[in-house]
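Residues per chain are reported as follows:
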Amino acid sequence: MAALGSLCFFGAMAAAAELVLGAMLPVFSFQYAGINPKLLTKVHLPEGVNALTILAEFPGPPIWEIYLLASLPILMMGATNVILIPLAIATGRRNVLLITGVVALAGCVGSGFSTSLATHLVCRVIQAVGAGTIESLIPFILQDIIFYHQRNAAISVVFATQGLIIVALGVAAPYVIGYASWRIIYFATAGAGLVFWVCLFFFLPETKFDRTEDENNGFPTVPLQPGQTRPDIDHVSYPPRRYKDDLKLFQCKIDWRSGFTALWDCLRTFFYPHMLFITLLNSAVIALALAAGYTTAPQLLADPWSWNFYHLGFCLFPLIVAAGASFLISGWGADQVANWLARKNGRRNPEFQALNLIIPCFVGLAGCILFGIAGDNPAKYHWMLFLLGLGMIAFAFLATNTIGIVYVLESYPHLTGPALVNIASFRLIVAFVLSFRVSEWVAELGYLKTFIMYAGILGAFILFIPVIYIWGPSWRKRWTGLPKRA
């Protein structure tokens, strides 16, 4: 439990450091236009004009460049995962997580000391190199230490915890910015991250072990005695574990060949039709969530909603509801559905997760429409409808994230690392392409037209869910992911 708790909070803090200031992007529109950001605590953007249109007319860098502070780290997180997972397969999970954690902390501190948009962007990218571990290494470690039938719940706990910490920091952020400086947020998250990094060092053991295919699929290779839930520990073949051994940075034999093989495996499995579908579906939902997150604050600050800047962090409260709903539906609930179907069919098939995608996808689609309608008509609709749409999108993001990861883990248990690279890396790269200029799109087209485009993309993928459920098993048999024999 200590290891799982450390993973939860370290991963959540790394993600929060990336995302909280992403929700405060109007602050940086003021900052890099040479205007004191604290003016946001005293003025409101005018009514009747798209708030992002006003910010786009500020002097200084174009608004899409400022918004790269939020979107460019997403691209970097995706790109670095392509390297981090094969490296973790070759050298071990724990050491890669700890080293990249130090990189994330260094980037966070550097962002606090940055003096220009260029240096700020560089430090955010460095921070993202480390924070990318949340997208792949943490689920990778969880599948090593969590029982097969509990993976939905465990992974959803991690992402739900991430959502709760983001909300807590998001509520505090406007007060810190108004009474002190946005730089303090970086220093505070770096300090908290350091505490959780220390917890990881002392509580998280290495989880890289050689496992048979049966063990990867959740079947014990040692027969269980009546009444046993796990086999006895073999102290003859394996010496007793010592705590000081768990603290070593490198605890297993380095196998560079397995790392290069994993890199090749991730490239070839990406084009398997079911893997491509789950990756692109997640890309669409992440792009939708990023687009909504980037564009929420400006409209709330404008008349007629006229939110007080200090209250801006409360717009993240829907994430609390989304996190709880995600655990119930995509975590505990999804495990119950998959296990019930497994009892009826004699085994737990990955395609059961396709059924679990239906509710989150339709909720995200509805949230997309509500967010766009309310955003374009603030004089006609209450801001609660706007935030309802945001919460529904957040739920879709958290739920499809959890279910997608479990699907790839169960589809290719012998290729856990490469399969995770596909969903953790390429989806972020595609999501960056779909969202990095959303500020300009909303400024030019408005909220409704922009989010109708996202709804159309998501809706197209929803149509393919029955295809995956029906033909997924035959595709997995055809593309097994096993190396070709000479």
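Residues numbered from 1 in each chain as written. Predicted model: local features only at pLDDT ≥ 70, side-chain atom pairs only at ≥ 80, totals over all residues. Heavy atoms only, no water.

Draft legend 1. Highlighting the nonpolar core. Residues Leu97 and Phe451 are the most contacted members of the largest nonpolar core, which totals 133 residues. The dominant element in this core, judged by the number of residues it contributes, is helix α14 (residues 273-301), at 17 residues. (Core = buried A, V, L, I, M, F, W, Y, C linked by side-chain atoms within 4.5 Å. Buried < 20%, exposed > 50% of the residue type's maximum accessible area, 1.4 Å probe, protein only. Helix = DSSP H or I, 4+ residues; strand = E, 2+ residues; numbered from the N terminus.)

Draft legend 2. Geometry of unusual backbone geometry. Residue Pro304 is bonded to the preceding Asp303 through a cis peptide linkage, with omega at 10°. Topologically, Pro304 is positioned in the loop between α14 and α15 (318-345). Phi angles above zero are rare outside glycine, and Ser306 is one such case at about 50°. With respect to the helices and strands, the residue Ser306 is situated in the loop between α14 and α15.

Draft legend 3. Inspection of the side chain of Arg94 at higher detail. Tracing the chain through its elements places Arg94 in helix α6 (residues 93-113). Among the polar contacts listed, one links the side chain of Arg94 to the backbone oxygen of Leu204, at a separation of 2.6 Å. (Polar contact = N/O pair within 3.5 Å; in protein donor to acceptor, adjacent residues only side chain to side chain.)

Draft legend 4. Here's a closer look at the pattern of salt bridges. Scanning the model with the defined rule gives five salt bridges in all. With a closest N to O distance of 3.2 Å, Asp335 and Arg348 form a salt bridge. Residue Asp335 is located in helix α15, and its partner Arg348 is located in the loop between α15 and α16 (352-356); the two are separated by 13 residues in the primary sequence. On the basis of relative accessibility, which here comes to 4%, the residue Asp335 falls in the buried class. Here Arg348 falls in the buried class, since its relative accessible area comes to 9%. (Salt bridge = Lys/Arg side-chain N within 4 Å of Asp/Glu carboxyl O.)

Draft legend 5. Looking closely at the packing of aromatic side chains. Counted according to the given criterion, the structure contains 27 aromatic pairs. With a centroid separation of 4.3 Å and 20° between ring planes, the pair formed by Phe371 and Phe386 is classed as stacked. Of the two residues, Phe371 sits in helix α17 (residues 358-376) while Phe386 sits in helix α18 (residues 383-411), which places them 15 residues apart along the sequence. As far as the burial class goes, Phe371 and Phe386 line up, both buried. Where Phe386 meets Tyr447, the ring centres are 5.9 Å apart and the plane angle is 85°; that geometry is what we call edge-to-face. On the criterion of sequence distance, the pair formed by Phe386 in helix α18 and Tyr447 in helix α21 (residues 447-462) is long-range, its members being 61 residues apart. In textbook terms, an aromatic cluster arises when at least three aromatic residues are bridged by ring pairs, as seen for Trp305, Phe371, Phe386, Tyr447, Phe451 and Tyr454. Its end group placed over the ring of Phe201, Arg94 keeps NZ or CZ at 5.0 Å from the ring centre. Between Arg437 and the ring centre of Trp64, over which it is positioned, the NZ or CZ distance is 4.4 Å. (Phe/Tyr/Trp six-rings, centres within 6.5 Å; stacked < 30°, edge-to-face > 60°. Lys NZ or Arg CZ within 6 Å of the ring centre and 35° of its normal.)

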